[in-house]
Every structure is written in structure tokens, then in C-alpha cells.
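Below, each chain spelled out in residue letters.
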Amino acid sequence: MAVLNAISSWSVADVQHFARRAGFGLTPADATALQAQAPGTAIDAWIDGTAYDATAFNTALLTADVVTEPLVSANTSAAGSVDVPAVAAPHAFLAEGTNAWRNNLNTAQALCAWRMQQNPYAFQERMALFWHNLFATGWHKVSNAALMLNQFQLFRSQGLGKFDDLLVAVSKDPAMLIWLDSVLNNASGTNVPNENYAREVMELYSLGADNGYNQTDITQLARALSGWSFTFAEADYIANPTNPTQLTLATGRFKVYDGSAIAPDTRLWWGGAATTSYSMHGTGTISLFARTLDITTTANGWAKGENAVRSIVSVLGANCAQFLAKRLLTHFVTSGYSAQDLNDVAALIQSSAFDLRAIMKILLKSQYFFDPTNHYSLVEGPVSWVVRAARMLCPPLATASTQSPRGYPAWRLVTNSANTFDQTGMRLLDPNGPNGWKEHTAWLNSNTMRYRTKVAAALTLGETRSYSGTTYPLFPAAVTTDWFPAAPASAQAVYDRLVALLQPAAIPASVSAAWLSALWPSTFTWDAAAQTKARELAFLILCSPAGQLY
Amino acid sequence: MTTRRAFIQTLGATGAALAGFTACGGGGGKASGSGGGTTQPPIPVPASPILVIVNIDGGWDWLNVLPPNAGANLGIYQAKRATLGIDGASLSDLGNGIGLNGDFTGMDQLHALGRVAWIEGIGMPNPNLSHFTSIDLWGQGAAMPAGTGWLGRFADSAFSPTGDVLRGLTVTSDLPVMLKGASRSFVSITGAGGYVYPAYLLSGSTVPDGATLETGWGSALTATSTDPGYVAAAQAGKLFFDAQNNAAFGAGGSLATRTTTVLYPGDATYPVKRLDGSSLTSALSSQFKLIAQMIAAGLPAQVFFSRLGGWDTHSNQAVDHPNLQRTLGGSIKALYDDLATITTASGNAQDRVMILAYSEFGRRVQENNGGTDHGTAGLSFCVGKAVKGGLYGGYPDLSNLDANGNMKFTTDFRSLYATVLDRWLGQATTTDSLLGTTYPRLGFL
């Protein structure tokens, strides 16, 4: 059984296990500092985000790049303009000059990666990554990077609320409304509803296939959610800082197209003119999970049909809790859970009334989570793997933000010309389908391992890329005092420090001995050549089987 | 049709094997009168056959690819496809009340040559309409343990345990369950260049070389670790390392370059365009060009896997579906033609290759507003010179749909696998064990 009682003390190894899973890792010094605190209060603060001073991060976010979140995308033009001041280069992640602002997936990916690397409130980014995999939405159909980032921000802002509230919020999110055709779901009159979202919201987002519902429930839920769409106004557009007449939609306001007017009437319907009053919502009652629901009621301040979405959790709570428990366990704890472990976590979810903050505080403090068999029991996903290595090997924010050019990874080039996220198997913000990515061993095949070796080389060996006549290091990782606070006195000391930084699972002594004897066959001197070898040793650690586990 | 279906199921239930059904209607022995070709007799199955799998990803609306053009199904089709239904005038006739959509570029020509075996109504018992359940079942091909796929088990059985690294390839960056074996999996290669361990970054330094890195992976495989993540990482790394060691990957890890005289979808001058006049996507043709390049370069691959997505046409089907058909059909026709120009050590590539296309399900007969929702029975087809062209499934009876308004399948998808394993991949003695039981063979090989 999963012992969910909280630990009362922790080791540095425990702290690092926690920080890898609940964030993107801690340096040895930071882990030691955290270990001095009692685990209960430290983990609460980590989850609540109250232990950090985010001033430097927020400053960097605002000033480092013109490509701040609302400004990422443009693929439409419309009348009017919004005055957005341009911010001078150098950019946080070397966005493409004048093209940076267009509807660009790689730029949006770069921004997410930069935030994961730099945000001191790492848990917020970790939860957003988790929810993005669960509520997987793809840019290739939404066709708007700003709306994708708008959804990602929803995961940051509401990712620790109640699951039923999050499920409703996601169901109303503009990117999701487009992604699974809610905006085209018309059940007015005798129209046949589009059941795309109704099926996937139960199969992929809340219950799992065949878990408590049938095809009739799908068609009934589709009817309840018909007409769910959004409106927008001029203020919802954002403009290209260098060309304010270029506009793109960055957000929208949820609206059920039930024939009623919208106000103010200057807002636009999605897919129509402001003067049109669309009627797409079904009327009357439905039978969902063997209960009758009025899909025209707005009781409780809910939208028409919202009662149907909420009944997934309120009626099928046990099924939903099992589903959510599997996803939380597989991402945060282990894929090797027992049936009893699953039941225990599902019971926790139900007893916590689907409150994610309460659930995560118990789960991530539990003896079960910290059990030594769960350390390094998961294959790390590629985005997490790259970000965590960058946190360990690249200059920290305080240093990077004062350097000229700034010492940030060229995330825009990492994501684009180096194809990192595509080929390591997690095209962030653009999964192939609404089922997202299978985790653990499914991250690994010959191609993803090939690209992990390429990224490891970029991280450690100073690989560069040219863009517009300028050559940039993909990752500005140098053998500095961040890598080695004191000059190592032996090859073994180099190895020990790199292992402490990169935190692979146990590497067999025979393998590390073979590496060290190949690198330093004779005497050891800490000179420039040895520093190059240290880079190569970091490369080997990152590529090793143990280096894929976390 | 009902009798025929019952007959197949009886055979399956009683374990009768090797029941070779012959084609009914259409192709087979006569030209269809479209596409301007003349039916050519099939060639014998080659000594060194190659299989190219095309995954039609998303569940394709094949009912609009081979729509009814006569008979009892036609009226039902027209009623339930009031806006999306295909006009009979645009169809070429396959016989048996079945038409072929004119947007399925090139397929009418291949059909007229007698090179296409259509398996209409292919599916599985108890479908649940889920993409992902269906993809898993199509991949596994049987209720097998450990989530292995039918081609992965073929690799377990037929490939050398320590060699044959490049015998099973996918040109997708992922590894579908279909290609996962218990002891080995297919290799994924997505480009013709730079397929090399990144030692090139280490020029000028003394160590480590590739072998040093390989030590980490190789020793992990010989050690006693049973941690699934550790072993999976070591296997994947070792597969990559061994694959890129093949001499076909020359300096910088590049295959010999190849220029083709055949136009593919996505090429600027390819004559067929999207409905709006813009160029078709190269999403599939780029994979096919890579496959042709690998065959020409002499890679010892026997099975390739490729994929064209976008078929989940819940909406906007009137635009998306014709464009997808043009891309799929045009790419297949281009590959077929291109292969004729490749000479390999084991003969002309067109003689050696059979293309097998499949999708996880068909779509609902009743359209919604602008699209179609998930359905059941599907359409697979095989293209090749050794294929005996014609219709090999059984067209579902549109007046006898299931409780959800979906078509009832007529041919078990594992009969297709059994046919291919037995008669194309040379697994006469192992086919039934690879699939867990005996499925009747189809007569197109």
C-alpha cells in the first residue's frame, strides 16, 4: 500500500529526488540549503510558491525580450492597432529579429523552456507541463501560438485548484474550443452534434476509455456542450511591436452561442460578424450517466451545459479519481504502482475533494513518494531532461541577466534549427493528437536517444548555430565555478562533482572507471585540456542509460 | 455478403488455415475502364520482398473514398451524407456497386493495372470507437503480453538477435507499438543526413570516441540490471549506435544522395493541387523519398513504416478529405513509379515492394455538421506488382448498422496480417503463433 503519511526528516538525496520530480532539479548547494529546513514547511512553501523572491525573474521576463507572452503570435491582420512598446535586444532566447513576433511555434516553445529554466517557482512550471500533457492541445490545428500560450498560462494559474474547476476552464479555453471542434458543435434544431470534444474529454481528460460511460453518454454530452465558443474584441488582439498594424488574437471570452445577443456588441463572434446572433446550443434535457440534466439552466452561475461537464466529477468521482491517480503517479512517483497504491491515491483524491493543492501536498510529502525504490524509477521526459541539464550547466539568472550578451540558452535555436523538442519526442505545445505523450519508457527509442546525444553534445561541448550572420552557442555552458567551485584535485573528483550536478541514477563503477581511464590515462592536472575532458565526461554522463532516469 | 462474412468467421473459429479467397468484382480479371491502364498479370512473390506500411492516422472516412455507386447501399448513403456525399459522376466504377473517388489521385491508374487489393469492411470485434484503443489493437494484432506489436514479434522471430539492426525501419520519429518486440524494436531514422554519433563535435580532442560512449550502453545490456527504464535507454542507445555504424551511412552519417525523375506531391511542379490551388503537402512524400533513397542505398531493410495524419475529420471534411486523398494517393502512385527506376542487388525495387495502407477505423455513416465522427469498419489496401488486384473484403450493409449507427465489419484485420506474414514475409510456419491463432488468408497474394 502507498503510505501517504508525511516524512518527518529528509536527506539531501531525498531533497534532490523531490526537486527533480516537483521542479527541474536543484544544484548541490541549493539542495543542501533546503535540506536544513523541515520537509513539511519546505514542501508547502515549494508548492505554494511562497519561498521565493521572483523579482529578478519577473524583471528578466519583462525586459529580456520583445517576445513576452502576449506578443508571440501574428497571422492575421485587422483594422486598428494596439500600442506595444518594443524592447531592445539582446533577447532572452535569441528570437528571430523581425519574424519573432509572428505565429511561431518554436518561439512559443522557447519561451516555455526559458520559463521552466529560470522560474524560481519551478513547481508552477512543472504542473503546467503535467497539465499540458494531460490536456494535450496542438498548435498545428489551433494555428495560433498566442492562444496556445494563453492556455499554458491557464495551467499555471489554475493548475493547483480543484480538478472539476480546471476541467470546466479547459473546456472553455479558446485553444481547446478550436482544437477539438467545440466551436463547430451545432445541436440546434435537428442538427447532429459534433462529438469530438465530448468523447475526448471523458476518454483522455477525466475518465479513461470505457471507464463509466458509453457511446450514448458521448452523444448526450456533445449535445450539452453544443454552441460552446468564444467572442473577442479589439483589446484581445496583440500587435507586432515593430509593425503595429499586424495583429493577432491572443485571448477570447467564453460564450455559449445560444441565440442570445452578446454585449458589448462590438465583440466579434468566432467565425462570424458582430451583427450575427448564432444559435448552436441544443435545448431541453439530456440523459447523462443515467441522470436527467437540463442543458438550458444557468443555475449556480454556470454556463448552459456546464452542469454536464461537472457531472463527470460529481457523478463518476470514483472513476475520475482513478484516472487522475494514474496520471499523477506516472508523472510524479512511479509507473510501477500496485493496484493498492492506485486505490490509495484515488481515495486521497476523493477525500481531498479533487483539490490539487491539497492532493499534491500530501502526495509529495508522503513516505510513499520518498521511498528509495521510487528514486530514479522513471525515465525523464525530454523537455524536463533538457531544462534540468540547462539549470545545472548554464549560468543562473542572476549571472546570465547581467552578461552581455546575456547568458541565456539560445532556446529559439534549440527548439528550431536544432529540432530538439521535435526529435527527442515531445514537441511542446504541439502534440500529434489529444492523447499527448506516453511517459516513462515510451520516451525512449533509437531516434529519441540519438537526439539526446545531440542535445547532450550541445549542452556540454559548446555547439554553436549561426543565425543572421551571428554565431550563438546553443547553451552557454562554461567550465566555471558553477561547475567546479574548487579546482578538482583528481579525475575522480571531476567525476564526483559532475555526478552531483547532473544527478544520474547509479552508474556502474566499471563504466565510470572505463571513462576516467580513457580520459585521463596518466597524470591529472586541472588545466584547459582537463576542462575540455570534463565537458566530455559530462557528455558521457548525460548520454548514459543512468542519465535518462530521474 | 452476409453469407461470406459468416463463412470467414466460421473458418476463423474452427482454425482452418490457408483458405485462399479469390477476388470478387472489380479489378481482378478486367480493366476497370478508368485510368487508361490495362490489367497486368501479377508477378510471383519476389525472393527478397520489402513491405512499406502506410498508417492512415486518425481514422479515415473510407466511405467517401469507395462510396456506393449503385445498389441498396446507395440510397442510404445519399440520405446520411446529404452534404458530404460524393457525387456518383465523379467516381470510377470498381464493380459490385462500389465507386472509387476521383480525388484519390493515381489510385484509379493503379487499380486499372490490377495492382491494388482492396479490403473493404476490415475491422475487429467489439470496437469502442476510441482512436487510441483501436491503434493499440491494430498495432498489437493480438492480445499479446507486454504490449508487443505484430511486426515487433516478427522481428523477435525472424531477425538475428545480434544483427539485422536495419532490417525493420520507421521513418517516423516515434516508435509505434506495432514495431515493438519483446527483445528488439525497429530503428527510427527520419533523415538521410547526419545519422551519426555526435563525435564530430569532439574533433581535436583525444577522447572519448564512440566506442567509449557505447561502453555505457553495451555494458548496461550485459549487466544484470532489470530496471525497465535503464534497460530501455541502453537498448535504444545501442540500436542507434549499431545502426549508424552501417557503411551505408558515409561521411557525416549521410546516405548516398539520390535524385528522382518522378514528381511527388509537395514538389513545386506536381500537377495535382489542393482544392484551393496551393501545393499538396509533402508530409508523406518526404517519407517515401527517404524510403526510396534507403532502398537505393542498399540498406538491408525489409519493413518500413510511414504515416500520414490528419484524417480525424470531425469538421471541415469537404475541404480536408479531398486534399488528404490527393496527398495519399498521389504519394503512393509516385513511390510506385519511382521504385521502377531503382535497381537493387536483389532485383528491381518495384518488383520487391508491396505497400500496405491501414487506418484505425472508418467513420460514422451519418454526417454531423461538416464532418463525420468516429466509426468502426474500415478499408485497407495493398499495392504491388505481385498483388492480385480486386476486392477482398465485403462491403458493409448500410441498412444493417450497429446500435450506434456504425458499419459492421466483414473481415478481421488479422486476416490481412496473416496473409502478409505468411505469403509476403515468408513466415509460413510462424504466422499463426505470431498472431496467437489461425486467421484465414486473403487471396490477393
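Residues numbered from 1 in each chain as written. Chains lettered and ligands numbered in written order. Predicted model: local features only at pLDDT ≥ 70, side-chain atom pairs only at ≥ 80, totals over all residues.

Along chain A, the regular secondary structure elements total 25 helices and 10 strands. The 550 residues of chain A split such that 55% are buried. Of the contacts made within chain A by residues no fewer than 6 positions apart, 75% connect residues no fewer than 24 positions apart. (Helix = DSSP H or I, 4+ residues; strand = E, 2+ residues; numbered from the N terminus. Buried ≥ 20, exposed ≤ 12 C-beta atoms within 10 Å, placed from the backbone. Contact = placed C-beta atoms within 7 Å.)

This part takes up the overall build of chain B. When helices and strands are counted, chain B shows 12 helices and 13 strands. Counting across all 445 residues of chain B, residues that qualify as buried make up 54%. Contacts spanning at least 24 positions in sequence make up 74% of the contacts within chain B whose residues lie at least 6 apart.

Turning to helix α12 (residues 215–224) of chain A, a few remarks are in order. All names here are of chain A. Summarising burial for α12: 7 of the 10 residues are buried, a large majority. D217, I218, Q220, L221, A222, R223 and A224 are the residues of α12 that are buried. Looking at the buried positions of α12, the neighbouring elements they touch are α11 (196–203), β7 (285–288), β8 (291–294) and α13 (306–315).

Facing the 53 residues of chain A at the interface are 50 residues of chain B. Looking at the side of chain A that touches chain B, the elements with two or more residues in it are α11, α21 (420–423), α22 (446–461), α24 (509–519) and α25 (528–543) of chain A. Looking at the side of chain A that touches chain B element by element, the count peaks at 9 residues for α22 of chain A.

Residues and elements named next belong to chain A. Strands sit in the order β5-β2-β6 across an open sheet of 3 strands; the sheet is antiparallel. Two strands in the sheet have a free side with no partner beyond their single neighbour: β5 (253–256) and β6 (268–269). Pairing geometry for strand β2 (residues 228–232) and β5, over 4 bridges, is antiparallel. Among the inter-strand pairings, W228 is bridged to a residue of β5, identified as V256. (Pairing = 2+ DSSP bridges.)

Axis separation between α22 of chain A and helix α7 (residues 228–244) of chain B bottoms out at 8 Å; the angle between their running directions is 80 degrees. With respect to α7 of chain B, the axis of α22 of chain A lies roughly perpendicular. Contacts from S446, T448, M449 and R450 of chain A in α22 of chain A reach A233, A236, G237, L239, F240 and A243 of chain B in α7 of chain B. Broken down by class, the residue content of the contact of α22 of chain A with α7 of chain B amounts to 6 nonpolar, 3 polar and 1 charged. (Axes fitted to C-alpha atoms, helices over the stretch in contact; angles between N-to-C directions. Parallel < 35°, antiparallel > 145°, perpendicular 65-115°, else oblique. Nonpolar A, V, L, I, M, F, W, Y, C, P; charged D, E, K, R; others polar.)

Residues separated by three or four positions in an α-helix point in the same direction, a consequence of the helix having 3.6 residues per turn. Turning to α13 of chain A, its buried residues number three or more, namely E306, N307, A308, V309, I312 and V313 of chain A. In this fold, the buried residues of α13 of chain A make contact with α9 (163–171), α11, α12, β7, β8 and α14 (317–333) of chain A.

Residue and element names in this part refer to chain B. For G253, the location among the structural elements is in the loop between α7 and α8 (285–296). Owing to 18 C-beta atoms within 10 Å, G253 belongs among the partly exposed residues under this scheme. Note: C-alpha distance between G253 and A89 (164 residues apart in sequence) is 51 Å. In this structure, G253 is in contact with G193, G194, Y195, V196 and Q244, ignoring residues within four places of it in sequence.

Moving on: unusual backbone geometry. You will see that F354 of chain A, though not glycine, has its phi angle at about 60 degrees, which is positive. Inspection of the secondary structure puts F354 of chain A in the loop between α15 (339–351) and α16 (356–363). On the neighbour-count criterion, F354 of chain A (22 C-beta atoms within 10 Å) is buried. In this model, N126 of chain B sits at a positive phi of 50 degrees, which is unusual for a non-glycine residue. Relative to the elements of secondary structure, N126 of chain B occurs in the loop between β4 (116–123) and α4 (131–140). On the basis of neighbour counts, which here come to 6 C-beta atoms within 10 Å, the residue N126 of chain B falls in the exposed class.

All names here are of chain B. With 88% of its residues at a pLDDT of at least 70, chain B reaches an overall mean of 88. Across residues 1–22, where pLDDT falls below 50, the model places 28 contacts with residues more than four positions away in sequence or in other chains. Across residues 24–36, where pLDDT falls below 50, the model places 44 contacts with residues more than four positions away in sequence or in other chains. Model confidence for the complex is summarised by a pTM of 0.92, with the ipTM given as 0.90. (pLDDT = per-residue confidence, 0-100.)

The next point concerns the pairing of strand β11 (residues 378–383) of chain B. Residue and element names in this part refer to chain B. Counting buried residues along β11, 6 of its 6 residues qualify, which places the element largely inside the surrounding structure. Alternating residues of β11 divide into G378, S380 and C382 and L379, F381 and V383, and every residue in both groups is buried. Summarising the sheet, β4 and β11 pair through 6 bridges and their orientation is antiparallel. From the neighbouring strand, A117 faces β11, where its bridge partner is C382.

Another aspect to go through is the pairing of strand β2 (residues 91–95) of chain B. Residue and element names in this part refer to chain B. As defined by bridge partners, β2 adjoins strand β3 (residues 98–101) across 4 bridges and the pair is classed as antiparallel. Counted as the bridge partner of S92 is L100 from β3. Following β2, the chain reverses through 2 residues before pairing antiparallel with β3; N96 in that reversal takes a positive phi of roughly 60 degrees.

On to the environment of F369 of chain A, then. Here F369 of chain A shows up in helix α17 (residues 367–370). Apart from the residues lying within four places of it in its own chain, the contact partners of F369 of chain A are V333, L363, L364 and N374 of chain A.

Inspection of the secondary structure assignment puts S522 of chain A in the loop between α24 and α25. Residues S522 of chain A and L501 of chain A lie 21 residues apart in sequence; the distance between their C-alpha atoms is 25 Å.

All names here are of chain A. Between helix α5 (residues 105–118) and helix α8 (residues 145–158), the shortest axis-to-axis distance is 9 Å and the interhelical angle comes to 25 degrees. Between α5 and α8, the crossing angle belongs to the class labelled roughly parallel. Relative to α8, the crossing made by α5 is right-handed. The residues of α8 that touch α5, namely those facing L105, T107, A108, L111 and C112, are A145, M148, L149 and F152. (Left-handed = near helix turned anticlockwise from the far one by under 90°.)

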